[in-house]
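Architecture at a glance
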Amino acid sequence: MYDFDEMIDRRGTRCYKYDALEEEFGRSDLRALWVADMDFRTPDFILDALRRRLSHPVLGYPVTGKDYFEIVSEWVEDLHGWKVPASCFRYVPGIVKGIGFAERCFLQPGDKVVIQKPVYHPFRIVTEQSGFEVVNNPLRPQYDAEGFVCGYEMDLDDLERKIDARTKMLVLCNPHNPGGVVFPAETLRRLADICERRGIIVLSDEIHCEMVHGGRRHVPFASVSEAAARCSITFMAPSKTFNIAGVVSSYAIAQDPELAERFFGYLESNETDYPPIFSAEATRAAYTEAGKAWRAEMLDYVQGNVDFVDGWLRANLPQIRAVRPQASFLVWLDCRKLGLPQEVLVDLFVNKARLALNDGSVFGEEGRGFMRLNVGCPRANLEAALESLRNAL
Ligand SMILES: Cc1ncc(COP(=O)(O)O)c(C=O)c1O
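Figured I'd write up the structure that's included with this text. Since we're looking at a predicted model, the values are computed, not measured. (Residues numbered from 1 in each chain as written. Predicted model: local features only at pLDDT ≥ 70, side-chain atom pairs only at ≥ 80, totals over all residues. Heavy atoms only, no water.)

1. Quick notes on helix H13 (residues 342–352)
Selection rule: Partly exposed residues are those whose accessible area sits between 20% and 50% of the maximum for their type, while under 20% is buried and over 50% is exposed, using a 1.4 Å probe and protein chains only. Helix numbers and strand numbers start at the N terminus; a helix is a DSSP run of H or I with at least 4 residues, a strand a run of E with at least 2. In what follows, residue pairs with any heavy atoms lying within 4.5 Å of each other are defined as contacts.
Of the positions making up H13, those classed as buried are Gln342, Leu345, Leu348, Phe349 and Val350. Next to the buried residues of H13 lie helix H2 (21–25), strand E12 (330–334), strand E13 (355–356), strand E14 (358–359), strand E15 (370–374) and helix H14 (379–392). Arg354 lies just past H13 and shows a positive phi near 60°.

Given below as structure tokens:
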């Protein structure tokens, strides 16, 4: 019913993915397969809701509406089977900002925050820039019979060893970017036991959770046990799923009364806890039956893109292998068998193949030999990109 093959020219719309190529890659003649938004049309039921609001000529201060978090909490329950009262939700103006706010709310200078590399690099940046120390608890790669990485698992023994008296927080990426891992409930339960016992608050970034593939179900960290609910704050958003990152619509969920009081109080005192007009309108329009139907079709298409990239590489470029994501539209490419130093690998993609992908080493040393490909785009775009890569090689 929806057309995900439509090619939409985004250049000149002041969008980061296309209009910042020159700034970020030193040239603009690149196929953009990097920043984590999709090239699909934002669905009409969201655009129409925004247009309806725009048809009124006054854009003054909005009110959120009492039903807003009831709608959000019903959506979360429907999708993940996780029932949380609406009172446990608050708006945050972006998940990275939410993480930064939580760090500043709960930590003292010199405190340590655990992250699990290779991981979404703003976790490191926001933590360091807020004056806290990053501790790396690297994920352990899993290998297939040919020696390619095919997934990641947590190393909880390493975590236990690295925790000391200053370790106060862990930022979890669940599902994981860039590895695409949907962590099993049992792993999350063990993580929760460790963190609760050692007095560590878990910030669970679940921005990709609405995009789990292959009939799997996302397991919210806070849902796995009472310990997990007590020690964590969860962050979710419709932004990735419905391609509305630019309207900035995210929310935090805290069930523990003490954590909630402190964190929500912090947000309130900074007046960052209510959504701007378009953010709330877009979320209301997304979290509906039409949203569910669109999401299902979009996920089918994205899964088809993952299959396509995986199959194409196996058939045509067997030195590069796609780590098949269990969630979302980011495909971690294992390029280690090319045997190229990272700078040469990046040069191959950018200057030879004219492709803008994320350099894997940005996500940590563990990402050397990898590139991150965004497959949230028409399949024909991927086909052309892979041909360019083959020609460049
Ligand atoms: C894991 C993860 N968290 C957060 C974000 C960004 O979220 P926001 O724009 O709400 O800060 C991204 C975007 O790529 C992401 O992949």
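2. Focus on the pairing of E15
Put simply, side chains in a regular strand alternate between the two faces of the sheet. We count it as follows: Here, a strand pair is defined by DSSP locating no fewer than two bridges between the strands.
In terms of burial, E15 is largely enclosed, as five of its five residues are buried. Judged by which residues are buried, E15 turns out to be covered on both faces: Phe370, Arg372 and Asn374 on one side and Met371 and Leu373 on the other are all buried. Bridge count between E12 and E15: five bridges; the pairing is antiparallel. Bridge pairing links Leu333 to Met371 in E15.

3. Here's the deal with the side chain of Gln342
Put simply, the rule reads: Contacts described as polar in this section are N or O atom pairs within 3.5 Å, which, within protein, must combine one atom able to donate a hydrogen with one able to accept it, while residues neighboring in sequence count only if both atoms come from side chains.
As for its placement among the helices and strands, Gln342 is situated in helix H13. Reaching out from Gln342, the side chain makes a polar contact with the side chain of Asp359 at a distance of 2.7 Å. At 3.4 Å, the side chain of Gln342 forms a polar contact with the backbone oxygen of Phe370. If near-sequence neighbours (up to four positions away) are discounted, Gln342 is found in contact with Asp359, Gly360, Ser361, Gly367, Arg368, Gly369, Phe370 and Met371.

4. Re the sheet that holds strand E10 (residues 250–254)
How we decide: The axes are straight lines fitted to the C-alpha atoms, using for helices just the contacting stretch, and the angles between their N-to-C directions are given from 0 to 180°.
Read from one edge of the open sheet, seven strands run E2-E10-E9-E8-E7-E3-E4, paired in mixed fashion. Single-partner strands in this sheet number two, and they are strand E2 (89–92) and strand E4 (133–136). The mean inter-strand angle of the sheet, taken between neighbouring strand axes irrespective of direction, is 25°. Across the sheet, helix H10 (residues 257–269) is in contact with E2, strand E8 (201–205), strand E9 (232–236) and E10; its angle to E2 comes to roughly 35°.

5. Let's talk about the layout of surface pockets
We apply this condition: Cavities and pockets are defined on a 1 Å grid built over the protein atoms alone: a cavity is a set of grid points where a 1.4 Å probe fits but cannot escape, while a pocket is an open set with protein on both sides within 12 Å along at least five of seven lines, and lining residues are those with an atom within 4 Å of any such point. Grid points are joined across faces, edges and corners, and a volume is the space filled by probe spheres set on the points. In this classification, Asp, Glu, Lys and Arg are treated as charged, Ala, Val, Leu, Ile, Met, Phe, Trp, Tyr, Cys and Pro as nonpolar, and every other residue, Gly included, as polar.
Considering only enclosed or pocket space, the second largest pocket measures out at about 200 Å³ in volume. Taken together, 13 residues form the lining of the second largest pocket, with Met7, Ile8, Tyr18, Asp39 and Asn381 sitting closest to its centre. Residue classes in the lining of the second largest pocket are distributed as six nonpolar, one polar and six charged.

6. Examining the sheet that holds E15
In spatial order, the strands read E11-E12-E15-E14; together these four strands make up an open sheet with antiparallel pairing. Edge positions in the sheet fall to strand E11 (321–323) and E14, since each of these pairs with one other strand and no more. Pairing of E11 with E12 involves three bridges; the strand directions are antiparallel. Bridging from a neighbouring strand, Arg321 pairs with Asp334 of E12. Across the face of the sheet, helix H12 (residues 289–316) comes into contact with E11, E12 and E15 while running at roughly 150° to E11.

Purely spatial values, then, with no claim about function.
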